[in-house]
Amino acid sequence: MEMYLTRIAKRKTYTIGKLSIVEDGKFVSFCDTLEPTWRDYKKGEKKIKGHSAIPEGRYAIAVSYSPRMKKWLPVLLGVPNFKGIRIHAGNTAKDTEGCILLGENRKVGMVLCSTYWVNRLKEKIVAAKDRGESVWITVR
């Protein structure tokens, strides 16, 4: 299973993106995303702990238990200089410390209906894993 997160609005305190999933060889728009502030790591910008989006790249995804959230959630593996980057529910940049929040960007700087979208994505990831597929996300 392949997913693509395309960052479309890089603001001072948050980043809005679009998550797409490849189904039957076609890109299908899935939902909106919210992350902390985007940093241009390629130009030497530095990570600010708890306030920086992850670098662009392609990352494997697993589903594991989050002791902090007390539930099973997708986790991105091998993110340089970041640990514990998950896809989870939340509404504003204050709800993420580098993680990717899912939802509907119907209010400036926010995503809504987050729990619904996280549950839908988790179902798709688990189904792909049950079919023996690896799951990847490309962040760009």
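It should be noted that the structure appears before, not after, this text.
Residues numbered from 1 in each chain as written. Predicted model: local features only at pLDDT ≥ 70, side-chain atom pairs only at ≥ 80, totals over all residues. Heavy atoms only, no water.

Novice: Tell me about the overall build of the protein, residues and numbers included.
Specialist: Across its full length, the protein carries one helix and nine strands. Its C-alpha atoms give the protein a radius of gyration of 14 Å, within 12% of the compact-globule value 14 Å for 140 residues. In terms of overall dimensions, the protein has a C-alpha envelope of 40 × 35 × 30 Å along the principal axes. Long-range contacts, defined here as pairs at least 24 residues apart, represent 46% of the contacts in the protein between residues at least 6 apart. Here the protein has roughly 7700 Å² of accessible surface; of this, 53% comes from carbon and sulfur atoms. (Helix = DSSP H or I, 4+ residues; strand = E, 2+ residues; numbered from the N terminus. Rg over C-alpha atoms; globule rule 2.2 N^0.38 Å. Contact = heavy atoms within 4.5 Å. Areas by Shrake-Rupley, 256 points an atom, 1.4 Å probe, with all protein chains shown as cover.)

Novice: Would you mind going over the pairing of strand 7 (residues 100-107) in detail, with residue names and values included?
Specialist: Pairing analysis gives three bridges linking strand 3 (residues 26-35) to strand 7, with the strands arranged antiparallel. Counted as the bridge partner of aspartate 32 is glycine 103 from strand 7. Looking at chain direction, strand 6 (residues 87-88) and strand 7 are connected through two bridges and run parallel. In the strand pairing of strand 7, histidine 88 is matched with leucine 101. Both strand 7 and strand 8 (residues 110-112) contribute to a ladder of two bridges, which runs antiparallel. Residue pairing for strand 8: lysine 107 is matched across the bridge by methionine 110. In this antiparallel pair of consecutive strands, strand 7 and strand 8, the connection spans two residues, and glycine 109 shows a positive phi of 75°. (Pairing = 2+ DSSP bridges.)

Novice: Mind laying out unusual backbone geometry, listing which residues take part and the relevant values?
Specialist: The phi torsion at lysine 70 lies on the positive side, around 60°, for a residue other than glycine. Tracing the backbone through its elements, the reader meets lysine 70 in the loop between strand 4 (57-66) and strand 5 (71-77). Since its relative accessible area comes to 62%, lysine 70 is described here as exposed. Even without glycine at this site, asparagine 81 takes up a positive phi of about 65°. Relative to the elements of secondary structure, asparagine 81 occurs in the loop between strand 5 and strand 6. (Buried < 20%, exposed > 50% of the residue type's maximum accessible area, 1.4 Å probe, protein only.)

Novice: Account for the environment of tryptophan 38, naming residues and giving values.
Specialist: With respect to the helices and strands, tryptophan 38 occurs in the loop between strand 3 and strand 4. Along the chain, tryptophan 38 and tryptophan 72 lie 34 residues apart, while their C-alpha atoms are 26 Å from each other. Once residues lying within four places of it in the same chain are set aside, the contact partners of tryptophan 38 are Arg7, Lys10, Thr15, Ala53 and Glu56.

Novice: Describe the pattern of salt bridges, naming the residues involved and giving the relevant values.
Specialist: This model, assessed by the stated rule, comprises eight salt bridges. We note a salt bridge from glutamate 97 to arginine 68, for which the minimum N-O separation is 3.4 Å. Of the two residues, glutamate 97 sits in the loop between strand 6 and strand 7 while arginine 68 sits in the loop between strand 4 and strand 5, which places them 29 residues apart along the sequence. Taking relative accessible area as the criterion, glutamate 97 reaches 49% and is therefore assigned partly exposed. Arginine 68 sits in the exposed class, given a relative accessible area of 64%. (Salt bridge = Lys/Arg side-chain N within 4 Å of Asp/Glu carboxyl O.)

Novice: Can you break down the packing of aromatic side chains residue by residue, with the values?
Specialist: The final tally for this structure, using the stated rule, is four aromatic pairs. For the ring pair tyrosine 65 and tryptophan 72, a centre distance of 5.9 Å and an interplane angle of 65° mean the geometry is edge-to-face. Judged by relative accessible area, which is 40%, tyrosine 65 ranks as partly exposed. Through a chain of ring-to-ring contacts, the aromatic side chains of Phe30, Tyr116 and Trp117 assemble into a single cluster. The ring of tryptophan 38 carries the charged tip of lysine 10 above its face, separated from the ring centre by 3.8 Å. Taking the ring centre of tryptophan 136 as reference, the NZ or CZ of arginine 58 above it sits at 4.1 Å. (Phe/Tyr/Trp six-rings, centres within 6.5 Å; stacked < 30°, edge-to-face > 60°. Lys NZ or Arg CZ within 6 Å of the ring centre and 35° of its normal.)

Treat this as a map of the structure, not an account of what it does.
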